[in-house]
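Residues per chain are reported as follows:
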Amino acid sequence: MTPTETERAALDAVIDRALELHAGAPVFTASVLHRGEVFGPHANEVGETRDPSRHAEIVAIARAGAALGTTDLSEATLIASMQPCEMCLAAMRWAGISRLVFAMTQTRAPTFFQFPALGIDDFARAADNSFTWSGGHGADRLSQIYEGT
């Protein structure tokens, strides 16, 4: 899958927001792109809400659904500063999102994944390839946030 120009612009904004918010600890950011409209970028809210499920992707999906008045985001793309974790991939699928674009990869920052033996290809196959993805775009810009952590 090749990201569209709009997806790349949304990813640049997600990366910029992660760099802006970075203050020593890892920060994750994400947006949902739906019919040319970008919902985000949003940051993870785990620390402030004390809710381990409030990853940036979850926040972005929830806010896009609320703004659009639907749980069906089947025409959307999830854009993330980091390859989404297993929980976020499942939420993406529940929302019907079939495109994913991200910056930092599991290969470069494996400590953020609870099932390290499973890669994104494994999840795509397990979902009957119902989503396409493209990752690693702009990852070098985020290396100081995610690598070596």
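Refer to the preceding data block for the structure.
Computed from a predicted model, the values in this text were never measured in an experiment.

Enquirer: Explanation requested: the overall build of the chain in the structure shown.
Expert: From N to C terminus, the chain includes six helices and five strands. Along the chain, from the amino end to the carboxyl end, the secondary structure elements read α-β-β-α-α-β-α-β-α-β-α. In terms of overall dimensions, the chain is globule-like: its C-alpha atoms have a radius of gyration of 14 Å, near the 15 Å expected for 149 residues. Going through the 149 residues of the chain one by one, you find that 42% of them count as buried. Taken together, the 11 basic and 18 acidic charged side chains of the chain have centroids lying 1 Å from each other.

Enquirer: How should the pattern of salt bridges be read in this particular structure?
Expert: Close approach of charged atoms allows side chains with opposite charge to pair. This structure, assessed with the given rule, holds 10 salt bridges. Where Arg141 meets Asp12, a salt bridge forms, and the shortest distance between an N and an O atom there is 3.9 Å. Taken together, the residues span a long stretch of sequence, with Arg141 in the loop between strand S5 (132-135) and helix H6 (143-146) and Asp12 in helix H1 (residues 5-21) at a distance of 129 residues. A residue is classified by how much of its surface remains accessible, and Arg141, at 34% relative accessible area, is partly exposed.

Enquirer: Just checking my understanding: could you explain the nonpolar core for this structure?
Expert: Side chains that are nonpolar tend, in soluble globular proteins, to be buried together. With 38 residues, the main nonpolar core has Val32, Ile61, Met92, Ile97, Leu100, Leu142 and Tyr146 as its most contacted residues. At the level of elements, H1, strand S1 (29-34), helix H3 (56-68), strand S3 (76-82), helix H4 (86-94), strand S4 (99-104), helix H5 (120-126) and H6 are the ones that each hand at least two residues to this core. In contact with Ile97, not counting residues within four places along its chain, are Ile61, Leu73, Ser74, Ala76, Thr77, Leu78, Met92 and Phe131.

Enquirer: Looking at this model, I keep getting lost on the pairing of S5. Mind explaining?
Expert: Strand residues, when the strand is regular, have side chains that alternate between the two faces of the sheet. Pairing analysis gives four bridges linking S4 to S5, with the strands arranged parallel. Paired with Leu100 across the bridge in S5 is Trp133. In this view, the connection linking S4 to its parallel neighbour S5 by way of H5 has right-handed handedness.

Enquirer: When you look at H1 in this model, what are you seeing that I'm missing?
Expert: Residues lying three or four places apart along an α-helix face the same way, a consequence of the helix completing one turn every 3.6 residues. Taking 1.5 Å per residue, 17 residues should reach 24 Å; H1 reaches 25 Å between its end C-alpha atoms and fits that length. If you check which residues of H1 are buried, you get Glu7, Ala10, Leu11, Val14, Ile15 and Ala18. For H1, the buried positions fall inside an angular range of 140 degrees around the axis, keeping them on one side. Facing away from the buried surface of H1 by more than 90 degrees, the exposed residues are Glu5 and Glu20. Buried residues belonging to H1 abut S1, strand S2 (37-43), S3, S4 and H6.

Enquirer: Which parts of the structure should I look at to understand the environment of Thr29?
Expert: Here Thr29 is to be found in strand S1. In the structure, Thr29 is positioned 10 residues away from Leu19 in sequence and 9.5 Å away in space, judged by C-alpha atoms.

Enquirer: Sorry, what's going on with unusual backbone geometry here?
Expert: Most peptide bonds take the trans configuration, and most residues that are not glycine carry a negative phi. The residue after Gly40, namely Pro41, is reached through a cis peptide bond having omega 10 degrees. As for its position among the elements, Pro41 is in strand S2. Phi is positive for Arg50, close to 60 degrees, though the residue is something other than glycine. As for its placement among the helices and strands, Arg50 is situated in the loop between helix H2 (46-49) and H3.

About the criteria used
- Residues numbered from 1 in each chain as written.
- Predicted model: local features only at pLDDT ≥ 70, side-chain atom pairs only at ≥ 80, totals over all residues.
- Heavy atoms only, no water.
- Helix = DSSP H or I, 4+ residues; strand = E, 2+ residues; numbered from the N terminus.
- Rg over C-alpha atoms; globule rule 2.2 N^0.38 Å.
- Buried < 20%, exposed > 50% of the residue type's maximum accessible area, 1.4 Å probe, protein only.
- Lys, Arg positive; Asp, Glu negative; His and termini not counted.
- Charge placed at Lys NZ, Arg CZ, Asp CG, Glu CD.
- Salt bridge = Lys/Arg side-chain N within 4 Å of Asp/Glu carboxyl O.
- Core = buried A, V, L, I, M, F, W, Y, C linked by side-chain atoms within 4.5 Å.
- Contact = heavy atoms within 4.5 Å.
- Pairing = 2+ DSSP bridges.
- Right-handed = clockwise from strand over helix to strand, strands pointing away.
- Expected span 1.5 Å × (residues − 1).
- Arc of directions from axis to C-beta.

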